[in-house]
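Here is how the chains run, residue by residue.
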Amino acid sequence: MQYSEIMIRYGELSTKGKNRMRFINKLKSNMKHVLSVYPDVTVQAERDRAHIYLNGTNYQPVAESIEQIFGIQAFSPVYRVEKTVSAIKKAVQDVMLSIYQEGMTFKITGKRSDHTFELDSRELNQIMGNAVFDVLPQIKAQMKQPDINLKIEIREEAAYLSYENVKGAGGLPVGTAGRGMLMLSGGIDSPVAGYLALKRGVDIEAVHFASPPYTSPGALKKAQELTRKLTKFGGNIQFIEVPFTEIQEEIKDKVPEAYLMTLTRRFMMRITDRIRQERGGLVIINGESLGQVASQTLESMQAINAVTTTPVIRPVVTMDKLEIINIAQKIDTFDLSIQPFEDCCTIFAPDRPKTNPKIKNVEQYEARLDIEGLVNRAVSGIKIIEITPQATDDALDELIDDLL
Ligand code: ATP
Ligand code: MG
């Protein structure tokens, strides 16, 4: 027998009172986006639960996709059966025979949503329970915590059987918390930061600084593929490429090496903030982790953050590198992140960046630069593409080719 649909139980959003429908609609469109790789699958969302109709699509890959979507507490694969006592009996027996292992206990939980059906739920439990004993005479019924709880629901159009309960990703539907700009490099930390922001419902847009010809098309593609890895949690993500070459050359030319990192980061922050403002974002998200590299001291963070009053969320700031790597592996970004492509920050990076930049010095060096003009030109040169969850194999192959 093949599963016909997947029943979705909502997570935390159940507690959100009058916002409930807004949450559900968001989750529905996220599910549609993520599942768009399966053309036959359709999604229907109601107040209490959602249904994903497989229409012949294999259950397993779809389930793996669903396990990643935020806002889902749990889900169950369901068999659809013709609504006659004999068909249901046969299905119950087939299912039980396929999952029974020695010593297992069971119960039937019948529910008659269609009250015109000939059996009420008590009769349903009894008759279907007996049908199980007919094919598995040795099995024991157990009402409390049985190994198998086979649920039968009689609805208008058909009967539905399910026995499995799969844990979902939890979190909140992506987009329900508003929009944030993720500063996405090609490194390990920022994709993890993006994932954690998505988990709490933030609709992220990826902002990536590229400095061609110092950075290669491969480095850009890597950032886009990392973004694609993040789409499986909530759907499409806008990828914003910022031309950063002019700014890096200017800084390299006019600023002492020790302050190069600080000034570069302040420009990134200013530009990201401008893009945020233009695109209706509420926060900036980055992958800074305290003490990880010389530039990530509290003094440095303060100097960089001083260019804006916009909240900057740093989801991995207190994590150890190994904790971050664990998450990167779980979300499948790690192998991509460690591919050796140059980042715009590393190419000009001095051996010893200032770990405690003085704001007075920062301002003095910045006075040598046309900040407004540089920011304006970078912002007006951005390129935006929409990244979808579609198959990444070809793109990844190309990326590897670039490396060889
Ligand atoms: P990551 O692993 O995310 O690259 P990192 O440990 O290498 O981080 P830094 O290089 O100091 O740390 O960068 C700190 C943060 O600045 C990054 O996590 C990212 O949010 C942002 N950032 C760095 N380079 C870029 C870039 N080229 N484009 C966009 N954001 C960037
Ligand atoms: Mg980096």
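What counts and how
- All residue numbers refer to positions counted from 1 along the written sequence of the respective chain.
- Chains and ligands are labelled sequentially in the order written, the chains with letters from A and the ligands with numbers from 1.
- Where local features are concerned, this predicted model is filtered to residues with pLDDT of at least 70; where side-chain atom pairs are given and counted, the filter is 80 or more; whole-chain, interface and lining totals use all residues.
- Computation of side-chain values covers all heavy atoms of the structure but excludes hydrogens and water.
- UniProt positions are given in the numbering used here, feature names are shortened, and annotations may be inferred rather than shown by experiment.
- A run of H or I in DSSP counts as a helix once it spans at least four residues, and a run of E counts as a strand once it spans at least two, with each numbered from the N terminus.
- Here, residues are in contact when the closest pair of their heavy atoms is within 4.5 Å.
- Charge counting follows a simple rule: Lys and Arg are positive, Asp and Glu are negative, and His as well as the terminal groups are ignored.
- Where a charge lies is defined by one atom per residue type: Lys uses NZ, Arg uses CZ, Asp uses CG and Glu uses CD.
- Relative accessible area decides the class of each residue, using a 1.4 Å probe on protein chains only: under 20% of the type maximum gives buried, over 50% gives exposed, and in between gives partly exposed.
- Pairing of N or O atoms within 3.5 Å defines a polar contact, subject to two protein rules: one partner must be a possible hydrogen donor and the other a possible acceptor, and residues neighboring in sequence count only if both atoms are side-chain atoms.
- Being near a molecule or strand, for a residue, means having at least one of its heavy atoms within 4 Å of it.
- Calculation of accessible area relied on Shrake-Rupley with a 1.4 Å probe; when residues are assessed, cover is drawn exclusively from the protein chains displayed.
- Side-chain atoms within 4.5 Å link the members of a nonpolar core, which is a set of buried Ala, Val, Leu, Ile, Met, Phe, Trp, Tyr and Cys residues.
- In this description, one arc is meant: the one made by directions from the helix axis to the C-beta atoms.
- A pair of strands counts as paired when DSSP detects no fewer than two bridges linking them.
- Helix axes use the C-alpha atoms of the stretch in contact, all axes being lines fitted to C-alpha atoms, and the angles between their N-to-C directions lie in the range 0 to 180 degrees.
- Under the pairing criterion, centres of Phe, Tyr and Trp rings, with the six-membered ring standing for Trp, must be within 6.5 Å; the plane angle then separates stacked pairs below 30 degrees from edge-to-face pairs above 60, leaving the rest tilted.
- Each ring is checked for a lysine NZ or an arginine CZ that lies within 6 Å of its centre and within 35 degrees of its normal; such an atom marks a charge sitting over the ring.
- Here, a salt bridge means any side-chain nitrogen of Lys or Arg that lies within 4 Å of a carboxyl oxygen of Asp or Glu.

An unreviewed UniProt entry annotates the protein as Probable tRNA sulfurtransferase originating from Streptococcus sciuri. Among the UniProt annotations of the protein, the heading Subcellular location (unreviewed entry) holds the following wording: "Cytoplasm".

The next point concerns the overall build of the protein. Secondary structure summary: the protein contains 15 helices and 15 strands in total. If one aligns the C-alpha atoms of the protein with their principal axes, the spans along those axes are about 85 × 50 × 35 Å. Expressed as a percentage of contacts within the protein between residues at least 6 apart in sequence, the contacts between residues at least 24 apart total 80%. Charge-centre separation for the protein: the mean point of 49 positive side chains lies 7 Å from the mean point of 52 negative side chains.

Those residues carrying the UniProt feature "binding site: ATP" (unreviewed entry) are Met183, Leu184, His208, Phe209, Arg265, Gly287 and Gln296 in this numbering. Mapping Met183 onto the fold places it in strand β10 (residues 178-183). A relative accessible area of 13% means that Met183 is categorised as buried. Leave out the neighbours within four places in its chain, and Met183 touches Ser190, Val207, Phe209, Met268, Met269, Thr272, Ile284, Ile285 and Asn286. Tracing the sequence through the fold places His208 in strand β11 (residues 202-210). The contacts of His208, once residues within four sequence positions are left out, are Leu184, Ser185, Ala219, Leu220, Ala223, Phe239, Ile240, Glu241 and Val242. Within the structure, the side chain of His208 is placed 2.8 Å from the backbone oxygen of Leu184, a separation counted as a polar contact.

UniProt records the feature "domain: THUMP" (unreviewed entry) for residues 60-165 in the present numbering. Across residues 60-165 one finds 35% helix and 29% strand; the C-alpha atoms that close the span lie 14 Å apart.

Considering the arrangement of structural elements, one finds Ser121 in helix α4 (residues 121-135). A residue is classified by how much of its surface remains accessible, and Ser121, at 30% relative accessible area, is partly exposed. For the pair Ser121 and Ile108, spaced 13 residues apart in sequence, the C-alpha to C-alpha distance is 9.8 Å. Ignoring sequence-local partners within four residues, the contact set of Ser121 consists of Gly110, Lys111 and Arg112.

Take the site of ligand 1 next. Around ligand 1, 21 residues are found, and the nearest of them are Met183, Ser185, Asp189, Ser190 and Gln296. Asp189 places a polar side-chain atom, nitrogen or oxygen, 2.6 Å from an oxygen atom of ligand 1. Relative to its unbound accessible surface of 570 Å², ligand 1 loses 90% to contact with the protein. Sorting the residues of the shell around ligand 1 by element identifies α5 (189-199), β11, α8 (257-278) and α12 (344-347) as the ones contributing at least two each. When residues in the shell around ligand 1 are grouped by element, the largest group, three residues, is from β11.

What follows concerns the nonpolar core. Counting 50 residues, the largest nonpolar core has Ile52, Ile88, Val92, Met96 and Leu161 as its most contacted members. It is helix α3 (residues 85-99) that provides the largest number of residues to this core, a total of eight residues. When residues no more than four places from it in sequence are discounted, the contact partners of Met96 are Phe106, Val132, Leu136, Ile139, Ile148 and Leu150. The next biggest cluster of nonpolar side chains, apart from the first, holds 30 residues, and it includes Val174, Ile285, Ala328 and Phe334.

Buried residues of helix α2 (residues 59-66): Tyr59, Val62, Ala63, Ser65 and Ile66, and no others. Along α2, the residues classed as buried sweep out an arc of 160 degrees about the axis, all on the same side. Buried positions along α2 lie against β1 (5-10), α1 (20-34), β3 (49-53), β4 (72-81) and β9 (166-170).

Turning our eyes to something else, we now look at the sheet that holds β11. Two strands in a sheet stick together by hydrogen bonds in their backbones, pointing the same way (parallel) or opposite ways (antiparallel). Spatial ordering of the open sheet is given by β14-β13-β10-β11-β12-β15, a layout of six strands whose pairing is mixed. Both edges of this open sheet fall to β14 (312-313) and β15 (383-387), since each of them pairs with a single strand only. Sheet contacts for helix α6 (residues 217-230): β10, β11, β12 (237-243) and β15; angle to β12, the most-contacted strand, approximately 160 degrees.

With that out of the way, let us pick up the packing of aromatic side chains. On inspection of all chains with the given rule, the structure shows eight aromatic pairs. Linked through ring pairs, Tyr3, Tyr59 and Tyr79 together constitute an aromatic cluster. Over the face of the ring belonging to Tyr160 we find Arg155, whose NZ or CZ atom lies 3.8 Å from the ring centre. Over the ring of Phe267 we find Arg270; its NZ or CZ atom is 5.1 Å from the centre of that ring.

Per the stated rule, a full pass over the model turns up 19 salt bridges. Put simply, Arg155 and Glu157 hold a salt bridge, and the shortest N to O gap is 3.9 Å. Overall, Glu157 belongs to the partly exposed group, its relative accessible area being 44%. Between Arg228 and Glu225 there is a salt bridge, with its nearest N and O atoms 3.2 Å apart. Placement of the pair is Arg228 and Glu225 together in helix α6, with a separation of three residues, close to one helical turn. Comparing Arg228 with Glu225 shows no difference in burial state: the two are buried. Sharing partners across several salt bridges, the network here consists of Glu5, Arg49, Glu153, Arg155 and Glu157.

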